[in-house]
Amino acid sequence: MGLLTQNDSTMFRGYFKEMAKLLGISVIYQYPIDMQFTIYAEEVPTGFSEEEKMDIIFDENPKITTLRKYGWVSEIPEDKPYMATLPFDAKNLCKGCRITMIPPQPLAGKRIFVVTDIQAGLEFPDSWVCKLAPVFVEKVSKEKLEKYNDQNTVFMNFDA
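Note that this is a predicted model, so its numbers are computed, not measured.

Asker: Could you give an account of the nonpolar core, with specific residues and numbers?
Answerer: Considering soluble globular proteins, one finds that nonpolar side chains tend to be buried as a cluster. If you look at the biggest cluster of nonpolar residues, it comprises 16 residues, and the most contacted ones within it are Tyr29, Met54, Ile56, Leu86, Leu93, Ile99 and Leu132. Among the secondary structure elements, those contributing two or more residues to this core are strand 1 (25–30), strand 4 (52–59), strand 5 (82–87), strand 6 (98–101), strand 7 (111–120) and strand 8 (127–134). What Ile99 contacts, discounting residues up to four positions off in sequence, is Val27, Ile28, Tyr29, Ile56, Leu86, Arg111, Ile112, Phe113, Val115 and Leu132. Within the second largest apolar cluster, five residues are counted, among which are Leu67, Tyr70, Met83 and Val129.

As structure tokens, then:
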């Protein structure tokens, strides 16, 4: 193949966008505006950008060889992460970005993922490969937390 020049790189990036449009799915992409960290190094974004439509390649069940290629080793087959391949010109791509998938059927709810790791193939720099983790929107309410006290030793029935 030879060395990639400026024109070759932009041509491959255009090829990826065309492939994502034809074979991928359309998602909503948001990047964090101001990222803060807790004392446990957890990311706490204070806000997100406006929603931006983007076509990506989503792999819910990646092969072990693909994971090893990017250094994401998985010991258990059930422990494989979700993977998404994003265009190279994704604006402000970083850990903590949100990808929202809206299903075509109205019966299923939307799925929200957060980017946890980013890699790029050095051979063809046409896209970013991201490891995704699901975002759980529902938080435990304060009423449920107040019902739980230190004398309660029944951990199976949280709503009691």
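Asker: Describe the packing of aromatic side chains, and please don't skip the residues or the numbers.
Answerer: Evaluated as defined, the whole model comprises six aromatic pairs. The interplanar angle of 5° and the centroid separation of 4.8 Å between the aromatic rings of Phe88 and Trp128 together place this pair among those described as stacked. Residue Phe88 is found in the loop between strand 5 and strand 6, and its partner Trp128 is found in strand 8; the two are separated by 40 residues along the sequence. Relative accessible area serves as the criterion here: at 24%, Phe88 is assigned to the partly exposed category. Through successive ring pairs, a cluster of aromatic residues spans Phe58, Tyr82 and Phe113. Looking at Arg111, its charged tip hangs above the ring of Tyr82, at a distance of 5.8 Å from the centre.

Asker: Account for the confidence of the model for the protein chain, with residues named and values stated.
Answerer: Averaged over the protein chain, the pLDDT score is 79; the fraction of residues at 70 or greater is 76%. Per-element averaging of pLDDT across the protein chain places helix 3 (residues 142–147) at the bottom with 65 and strand 1 at the top with 93.

Conventions adopted
- Residues numbered from 1 in each chain as written.
- Predicted model: local features only at pLDDT ≥ 70, side-chain atom pairs only at ≥ 80, totals over all residues.
- Heavy atoms only, no water.
- Core = buried A, V, L, I, M, F, W, Y, C linked by side-chain atoms within 4.5 Å.
- Buried < 20%, exposed > 50% of the residue type's maximum accessible area, 1.4 Å probe, protein only.
- Helix = DSSP H or I, 4+ residues; strand = E, 2+ residues; numbered from the N terminus.
- Contact = heavy atoms within 4.5 Å.
- Phe/Tyr/Trp six-rings, centres within 6.5 Å; stacked < 30°, edge-to-face > 60°.
- Lys NZ or Arg CZ within 6 Å of the ring centre and 35° of its normal.
- pLDDT = per-residue confidence, 0-100.

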